[in-house]
Amino acid sequence: MNHVNLPAEHPLVDGRTAASPVIRAYRGDRPPVTPVWFMRQAGRSLPEYRALRVGTAMLDACLDPELSSEITLQPWRRHAVDAAIFFSDIVVPLKLAGVDVDIVAGRGPVLGAPIRSAADVAALRPLHPDALAPIGAGVARTVAQLGSTPLIGFAGAPFTLAAYLVEGGPSKDHLRARTLMHADPATWHALMTWAADVTGAFLRAQILAGASAAQLFDSWAGSLSLADYTAHVAPYSKLAISHVTDLGMPIVHFGVGTGELLGAMRDVGADAVGIDDRIPLDEGIRRLGGNVPVQGNINPALLAAPWEVLEAHVLDVVERGRAAPAHVVNLGHGVPPETDPDVLSRIVALVHSA
Ligand code: 1CP
């Protein structure tokens, strides 16, 4: 791997994480023990998270390096997962670029005003690199404690960001964004190019500060047809990824309900693909041609089922994952807030012994 543009003391360069099970698996080299981490492993399922967050708004927590680092480390200490994922949010770089966005408890990202017209998009400002200093500082504090466990940096893909920007907040079908790409392709192009540059810069800051892998979340891409995805979305995901390809870390690409898009999502430049729980993992592996490392896909609904039911399901996921060159066990989507954290610790032990 070529890491010439990473600092010599980066964990991928100085020997700490390059041979870790997660990094090996993302590169298609199956490690002896199957690695596991959970999307949304930091957050409301942990009492220690809820205690730390009292009195601090979500975005303020993301921009406080001490807090973001501590919250990132909590699930790693508790569950012995094989990777930590940096505690932040996909809308943080939008906020840092001056967009009026807040994360409303129980709802998600909400904008002061939606961004839909050519004039709205023209008023968007670039993200000044200095604004990313709290992100780099949070990442650096975190990797200083993680030792040989890799930190995964992440960012939202341009379409998922546009789904919030155009709608003005969470939506079910992301209909306005799906209309805009056809109704006003020039404005769509300008918006998606801006989003790709801002989210790419956010990802780059995390990698340079010490993250050893990158996950691009196109959570809502599953609302798109393959034709729309290929024509109006994939080029901008590619542009976002182009901000970090010179750094040589592995990239995972994940979306919800993307069974029809898996190959196209890989083709934007991903080393590994995350698969949600709507299709069996071996079917996803087959659709990817059998030669792509995968991540997934425990059904989050089963976290609250009796242990025997969940245990059989986890072992089935591990078994189906053997059809891929390598497999990182994860959920099909994030940890539900009401999850008993001890269940997650039990899954880690089970996967490691399977
Ligand atoms: O106060 C709180 O605790 C708010 C809940 C919360 C948390 C813990 C939000 C609001 N974001 C986060 C952290 C977060 N967001 C992480 C942390 C790292 C980890 O996984 O442990 C990550 C990776 C994200 C990324 C994110 N934010 C995505 C992509 C991943 C996914 O779940 O699909 C998306 C779509 C968001 C938007 C968002 N932020 C928060 C919420 C509730 C939402 C979803 C809203 C919606 O349904 O549209």
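Remember, it's a predicted structure, so these values are computed and weren't measured experimentally.

1. Looking at the site of the ligand
And step 1. If you check the shell around the ligand, you find 25 residues, and the closest are Arg40, Tyr49, Tyr164, Ser219 and His333.
And step 2. Take Tyr49: an N or O atom from its side chain is 2.6 Å from an oxygen atom of the ligand.
And step 3. Between His333 and the ligand, the recorded distance is 2.7 Å, taken from a side-chain N or O atom to an oxygen atom.
And step 4. Starting from 890 Å² of accessible surface for the ligand in isolation, the protein chains cover 89%.
And step 5. Judged by its atoms lying within 2 Å of the grid points, the ligand is housed in the largest pocket.

2. With respect to the environment of Gly255
And step 1. Inspection of the secondary structure puts Gly255 in the loop between β6 (251-254) and α13 (262-267).
And step 2. Exposure remark for Gly255: the relative accessible area of 0% places this residue in the buried category.
And step 3. For Gly255 and Val273, which are 18 residues apart along the polypeptide, the C-alpha to C-alpha distance reads 8.9 Å.
And step 4. Discounting chain neighbours no more than four positions away, the residues touching Gly255 are Asp218, Ser219, Met265, Gly274 and Asp276.

3. A short note on the pattern of salt bridges
And step 1. Under the defined criterion, the tally for this structure stands at 15 salt bridges.
And step 2. One salt bridge connects Asp267 with Arg266, and the closest N-O pair in it is separated by 3.5 Å.
And step 3. A relative accessible area of 48% means that Asp267 is categorised as partly exposed.
And step 4. Looking at Arg266, the relative accessible area reads 30%, which means it is partly exposed.
And step 5. Through salt bridges that share partners, Glu260, Glu283, Arg286 and Arg287 make up one connected network.

4. A closer look at the side chain of Thr258
And step 1. Within the fold, Thr258 resides in the loop between β6 and α13.
And step 2. Within the structure, Thr258 has its side chain in polar contact with the backbone oxygen of Gly255 (distance 3.2 Å).

5. Re the sheet that holds strand β8 (residues 294-298)
And step 1. Read from one edge of the open sheet, 7 strands run β1-β4-β5-β6-β7-β8-β9, paired in parallel fashion. Of all the strands in the sheet, the pair left with one neighbour each is β1 (84-85) and β9 (327-331).
And step 2. The sheet contact formed by strand β7 (residues 272-275) and β8 spans 3 bridges and is parallel. For Ile275, the partnering residue across the bridge sits in β8 and is Gly296.

6. With respect to the packing of helix α8 (residues 158-167) against helix α10 (residues 185-208)
And step 1. Direction vectors running N to C along α8 and α10 enclose 115°, while the axes themselves pass 9 Å from each other. Classified by chirality, the crossing of α10 by α8 is right-handed. Of the residues in α10, those in contact with Pro158, Phe159, Leu161, Ala162, Leu165 and Val166 of α8 are Trp188, Leu191, Met192, Trp194, Ala195, Ala196 and Thr199.
And step 2. Class assignment for the residues of the contact of α8 with α10 results in 12 nonpolar, 1 polar and no charged.

7. Focus on the nonpolar core
And step 1. Within the largest apolar cluster, 121 residues are counted, with the highest numbers of intra-cluster contacts made by Trp188, Tyr229 and Ile347.
And step 2. By residue number, the principal contributor to this core is α10, which donates 10 residues.
And step 3. In contact with Trp188, not counting residues within four places along its chain, are Phe159, Ala162, Ala177, Leu180, Met181, His232, Val233 and Tyr236.

8. Quick notes on the pairing of β8
And step 1. In terms of burial, β8 is largely enclosed, as 5 of its 5 residues are buried.
And step 2. A crossover links β7 with its parallel partner β8, the connecting element being helix α14 (residues 281-287), and its sense is right-handed.
And step 3. Here β8 pairs with β9 via 5 bridges, running parallel. Residue pairing across strands places Gly296 opposite Val329, the latter belonging to β9.

9. Points about empty space enclosed by the protein
And step 1. Within this structure, the stated rule accounts for 1 cavity of 30 Å³ or more.
And step 2. Here the largest cavity defines a volume of roughly 30 Å³.
And step 3. As for the largest cavity, its lining consists of Pro11, Thr17, Val143, Leu146, Gly147, Thr149, Pro150, Leu151, Gly210 and Ser212.
And step 4. Classifying every residue of the lining of the largest cavity by side-chain character gives 5 nonpolar, 5 polar and no charged.

How each quantity is defined
Residues numbered from 1 in each chain as written. Predicted model: local features only at pLDDT ≥ 70, side-chain atom pairs only at ≥ 80, totals over all residues. Heavy atoms only, no water. Near = heavy atom within 4 Å. Polar contact = N/O pair within 3.5 Å; in protein donor to acceptor, adjacent residues only side chain to side chain. Areas by Shrake-Rupley, 256 points an atom, 1.4 Å probe, with all protein chains shown as cover. 1 Å grid on protein atoms, 1.4 Å probe; cavity = no way out; pocket = protein on both sides within 12 Å on 5 of 7 lines; lining within 4 Å. Sits in = over half its atoms within 2 Å of the grid points. Helix = DSSP H or I, 4+ residues; strand = E, 2+ residues; numbered from the N terminus. Buried < 20%, exposed > 50% of the residue type's maximum accessible area, 1.4 Å probe, protein only. Contact = heavy atoms within 4.5 Å. Salt bridge = Lys/Arg side-chain N within 4 Å of Asp/Glu carboxyl O. Pairing = 2+ DSSP bridges. Axes fitted to C-alpha atoms, helices over the stretch in contact; angles between N-to-C directions. Left-handed = near helix turned anticlockwise from the far one by under 90°. Nonpolar A, V, L, I, M, F, W, Y, C, P; charged D, E, K, R; others polar. Core = buried A, V, L, I, M, F, W, Y, C linked by side-chain atoms within 4.5 Å. Right-handed = clockwise from strand over helix to strand, strands pointing away. Points joined across faces, edges and corners; volume = space filled by probe spheres on them.

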